[in-house]
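Here is what each chain is made of, one letter per residue.
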Amino acid sequence: MKLILVKDYQEMSKQAAEYVIEKLLQNPNMKLGLATGGTPIGTYKFLIEDHKRNGTSYQNVKSFNLDEYVGLSATNENSYRYYMDDVFFNHIDIKKKNVHIPSGDAPDIQKECEDYEKVLTKHGRVDLQILGIGNNGHIGFNEPGTSFDSKTHIVNLASSTIRANSRYFESMEEVPTRAVTMGIATIMQSKEILLLVSGESKSKALLKLWENEVDEYFPASVLKKHPAVTVIADEAAYVEWKANNRAFA
Ligand code: GLP
């Protein structure tokens, strides 16, 4: 894993966007894996700005999102589908038919997982997958203990994740308790991964990612087995590292 340490959230977002744009210019037909949560919002902002200013096009890009809450429809403001349209897709020229996100309100969620995995297999490996990380090391919605062999599946969210994500909802009770997520094996199939880590609340997770063994109880640790992972972290996420007097990687 390669670690790029930057000053703050703004700089992380800018560098991440530049990374994506470079790949996009090299391969305008790329398959782009996308993440939600607070972390990548700044990156999407920079990508939109670049699209408007420089005309970088997404006409031939196919996108694949990591996850979706079970029970939320595309029109629900808290669904990841809504989020993606709102913070990114509605502002670029991606074709809606090229956007792939599991449906949280599919009548048969198990079948939805199988269908999503089939769609991913049909299109071939994702070229670049953007990832965030949960405080407990989750990637996508793969909670601690998820098998590294997992494909797209239904998850019961950890109570710490429900608590952490409640900041996006009006109340804790509104946070769905289940989600559909690409599995760890699905994520690991991507050719390249860009992990974004920002803020002090993620600093323990970042240190753990670096120092812990590869272990299913810290899902992000699997990334150590991937040949092409770049981590962009800001100084706040590095606090714990400094507090433990670790040298910069
Ligand atoms: C969420 C998402 C993840 C995201 C992570 C961190 O639960 N399912 O894909 O990376 O948790 O979210 P945030 O960036 O808001 O801290």
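Before reading further, recall that the structure is shown in the block above.
Definitions and cut-offs
Residues take numbers from 1 onward in each chain, read along the sequence in its written order. Whole-chain, interface and lining totals are the exception, using all residues; otherwise, since this is a predicted model, local features are given only for residues with pLDDT of at least 70 and side-chain atom pairs are given and counted only at 80 or more. To obtain the side-chain values, all non-hydrogen atoms of the structure were included, while hydrogens and water were left out. Here, the term nonpolar core denotes a set of buried Ala, Val, Leu, Ile, Met, Phe, Trp, Tyr and Cys residues that are joined through side-chain atoms within 4.5 Å. Using a 1.4 Å probe on the protein chains alone, a residue whose accessible area is under 20% of its type maximum counts as buried, one over 50% counts as exposed, and one in between counts as partly exposed. Each helix is a run of DSSP H or I of at least 4 residues and each strand a run of E of at least 2, with the numbering of both proceeding from the N terminus. By definition, residues are in contact when any of their heavy atoms lie within 4.5 Å. Whether a residue is near a molecule or strand is decided by its heavy atoms; if any one of them lies within 4 Å of it, the residue is near. What qualifies as a polar contact is a pair of N or O atoms within 3.5 Å, subject to a donor-acceptor requirement within protein and to the restriction that residues adjacent in sequence count only when both atoms come from side chains. Methods summary: accessible areas were calculated by the Shrake-Rupley approach with a probe of 1.4 Å, and residue burial reflects only the protein chains presented. As a working rule, the residues Ala, Val, Leu, Ile, Met, Phe, Trp, Tyr, Cys and Pro are called nonpolar, Asp, Glu, Lys and Arg charged, and the rest polar, with Gly in that last group. Only residues whose relative accessible area exceeds 30% and that form no salt bridge are eligible for patches; like-charged ones are grouped when within 9 Å, while nonpolar side chains (Val, Leu, Ile, Met, Phe, Trp, Tyr) are grouped when within 5 Å. Salt bridge, as applied in this entry: a Lys or Arg side-chain nitrogen positioned within 4 Å of an Asp or Glu carboxyl oxygen. Asp and Glu are treated as the negative residues and Lys and Arg as the positive ones, with His and the ends of the chain left uncounted. Every charge is mapped to an atom, namely NZ of Lys, CZ of Arg, CG of Asp or CD of Glu. Orientation is described by lines fitted to C-alpha atoms, with helices fitted over the stretch in contact, and by angles between N-to-C directions that extend from 0 to 180 degrees. Reported orientations rely on four angle classes, namely roughly parallel under 35 degrees, roughly antiparallel over 145, roughly perpendicular from 65 to 115, and oblique for the rest. By the definition used in this description, the sense in which the near helix is turned from the far one sets the handedness, with an anticlockwise turn below a right angle giving left-handed and a clockwise turn giving right-handed. For two strands to pair, DSSP has to find at least two bridges joining them.

Student: Which parts of the structure should I look at to understand the nonpolar core?
Tutor: Nonpolar side chains in soluble globular proteins tend to end up buried together. Phe88 and Phe89 are the most contacted members of the largest nonpolar core, which totals 63 residues. The element contributing the most residues to this core is helix α1 (residues 9-26), with 7 residues. Contact partners of Phe89, with chain neighbours within four places excluded, come to Leu34, Ser63, Asn65, Met84, Ile94, Lys96, Val99 and Ile101. Ranked by size, the runner-up nonpolar core spans 10 residues in total, among them Leu72, Val155, Leu157 and Ile162.

Student: Sorry if this is basic, but what is going on with the site of the ligand here?
Tutor: Close contacts around the ligand come from 14 residues, with Gly38, Thr39, Asp67, Tyr168 and Lys202 the closest. One nitrogen or oxygen atom from the side chain of Asn165 is found 2.9 Å from an oxygen atom belonging to the ligand. A distance of 2.9 Å is found between an oxygen atom of the ligand and a side-chain nitrogen or oxygen belonging to Arg167. For the ligand, whose unbound accessible area comes to 390 Å², protein coverage reaches 96%. In terms of residue class, the shell around the ligand is built from 4 nonpolar, 7 polar and 3 charged.

Student: Looking at this structure, I do not really get a negative patch on the surface. What am I missing?
Tutor: On the surface, Asp149, Glu213, Asp215 and Glu216 cluster together into a patch of negative charge. By secondary structure assignment, the location of Glu216 is in the loop between α7 (203-211) and β10 (229-234). Judged by relative accessible area, Glu216 falls into the partly exposed class, the value being 31%.

Student: Even after reading the chapter, I still don't get the packing of α1 against helix α2 (residues 41-54), so can you show me in this structure?
Tutor: A pair of packed helices is characterised by two quantities: the angle between their axes and the separation of those axes. Viewed as axis vectors pointing N to C, α1 and α2 meet at an angle of 55°, and their least axial separation amounts to 8 Å. When the interaxial angle is binned, α1 and α2 end up oblique. Once α1 is placed against α2, the crossing between them reads as right-handed. Every residue of α2 that contacts α1 at Tyr9, Gln10, Ser13, Lys14, Ala16, Ala17, Val20 and Ile21 is listed here: Ile41, Gly42, Thr43, Phe46, Leu47 and Asp50. By residue class, the composition of the contact of α1 with α2 is 8 nonpolar, 4 polar and 2 charged.

Student: Whenever I open this one, the sheet that holds strand β1 (residues 2-6) confuses me. Can you help?
Tutor: Pairing between sheet strands relies on hydrogen bonds along the backbone, with the strands arranged either parallel or antiparallel. The 7 strands lie next to each other as β1-β10-β9-β6-β2-β3-β5, forming an open sheet whose pairing is parallel. Strands with a single pairing partner mark the edges of an open sheet, and in this sheet they are β1 and β5 (99-100). With 2 bridges connecting them, strand β3 (residues 62-65) and β5 associate as parallel partners. Along β5, the bridge assignment pairs Ser63 with Val99. The sheet contacts of α7 involve β1, β9 (192-197) and β10, and relative to β10 the element is tilted by about 145°.

Student: Looking at this structure, how should I read the environment of Gln10?
Tutor: Mapping Gln10 onto the fold places it in helix α1. When the C-alpha positions of Gln10 and Phe46 are compared, they lie 9.4 Å apart, and in sequence the two are 36 residues distant.

Student: I'm lost on the sheet that holds strand β7 (residues 153-156) in this one. Help?
Tutor: Ordered in space as β4-β8-β7, the 3 strands form an open sheet in which the pairing is antiparallel. Every other strand in the sheet has two partners, leaving β4 (67-69) and β7 as the edge strands with one partner each. Taking each pair of neighbouring strands and ignoring which way they run, the sheet shows an average axis angle of 25°.

Geometric values such as these leave the question of function open.
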